[in-house]
Amino acid sequence: ALTALAAAATPVPTAAPVATAAPVAASVEPSGTLEVGLASLGSPGYNLSELGSQANWIENVTSNESLWATSPRGAVIPVLVTDWTMDSTAQIYTFNLQRGAMWHDNWGEFTASDFIWSIQNGTREATVHPVGGQMRRIYNCDGCTMTAVTDYQVRLERPTPSFEVTWYVRPPGGSMTMHSKLHYEFVGEEAANKESVGTGPWQATEARPEEFRKYSAVSDHWRKTPEFAELIFWDIGEEATRLANFLTGAIDTGAFTA
């Protein structure tokens, strides 16, 4: 009986818990081509102050990123701005920027100087940018001051409060993307208007006005690398022609009203 009791009281060793390794996402290289038919490709240039509504929309979904995005429910999603605050007067706003968002073609990293310059360029006199006027009123108004506190922080001081600070710098509606100040200043305005340099997941490679715009996927993009290796937007003005191209497999998808 004593032997049985002793055996029952002897603790049984328990295997030490082993941490489960977190699943590692498989690295998938972009492949294939996605071809899209649109009614128009918009203005041919890339300068912010010369960017029309349709060309601006295309930039937003391809080569150049905005400061924020919009969720399906209308919430603000950080993109090139990670977080922001305002003081008790609602007149001083501080924006902290995404680190490691690199410009295409080795033009360096997105910084506070690009933030300030992009808005100043897109809101200058005679701008045709679809939200140039609104952005001037919010960020570049008389009495407004934008300051690079560090390479990754911008302070906006306004003469009055504004509830629109995040409204016109995020898609899907009218919004203003960021452009490289260094690229613009190095190559000059005329050359910069002919080649796109952004931080987006797609890099512009070739374009012909009223014909097509081609893009290649950016490998190891800081946010998300596309699944397709190439993207082509085709300018197909007539909807019946776009539909015929879609039904015959000449394009993969397109803009259709019905």
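Residues numbered from 1 in each chain as written. Predicted model: local features only at pLDDT ≥ 70, side-chain atom pairs only at ≥ 80, totals over all residues. Heavy atoms only, no water.

Topic: the sheet that holds strand β8 (residues 202-208)
- Spatially, β8-β9-β10-β1-β11 is the arrangement adopted by the five strands of the open sheet, whose pairing is mixed. Pairing within the sheet leaves two strands with one partner each, and these edge strands are β8 and β11 (253-254).
- Pairing geometry for strand β9 (residues 212-217) and strand β10 (residues 230-235), over five bridges, is antiparallel. The residue of β10 that forms the bridge with F212 is W234. (Pairing = 2+ DSSP bridges. Helix = DSSP H or I, 4+ residues; strand = E, 2+ residues; numbered from the N terminus.)

Overview of the state of the cysteines
- Considering all chains together, one arrives at one disulfide under this definition.
- Between the sulfur atoms of C141 and its disulfide mate C144 the distance is 2.0 Å. Looking down the S-S bond of the C141 and C144 bridge, the torsion is 80°, so its handedness is right-handed. The burial state of C141 is the same as that of C144; both residues are buried. (Disulfide = S-S within 2.5 Å. Buried < 20%, exposed > 50% of the residue type's maximum accessible area, 1.4 Å probe, protein only.)

Examining the pairing of β8
- Direction of pairing for β8 relative to β9: antiparallel, over a ladder of six bridges. Across the sheet, residue A207 finds its bridge partner in β9, namely R213.
- Remark: three residues form the turn of the hairpin made by β8 and β9, two consecutive strands paired antiparallel; E210 in that turn has positive phi of roughly 65°.

Topic: the environment of V81
- Structurally, V81 is set in strand β4 (residues 81-86).
- In this structure the C-alpha to C-alpha distance between V81 and V154, which are 73 residues apart in sequence, comes to 9.7 Å.
- Among residues more than four places away in sequence, those in contact with V81 are L67, W68, F95, N96, L97 and F115. (Contact = heavy atoms within 4.5 Å.)

Comments concerning the sheet that holds strand β5 (residues 92-97)
- Taken in spatial order, the four strands line up as β4-β5-β7-β6 in an open sheet, and their pairing is antiparallel. Either end of the sheet is taken by a strand with one partner, and the two such strands are β4 and β6 (145-150). Across the sheet, the mean angle from the axis of one strand to that of its neighbour is 20°, orientation sign disregarded.
- Relative to β5, β4 runs antiparallel, the two being bridged by five bridges. Residue pairing for β5: D83 is matched across the bridge by N96.
- Packed on one face of the sheet, helix α3 (residues 112-122) meets β4, β5, β6 and β7 (153-157) and runs near 165° to β6. (Axes fitted to C-alpha atoms, helices over the stretch in contact; angles between N-to-C directions.)

Remarks on the confidence of the model for the chain
- With 89% of its residues at a pLDDT of at least 70, the chain reaches an overall mean of 89.
- Contacts from residues 1-26, a stretch scored under 50 in pLDDT, to residues over four places away or in other chains number zero contacts. (pLDDT = per-residue confidence, 0-100.)

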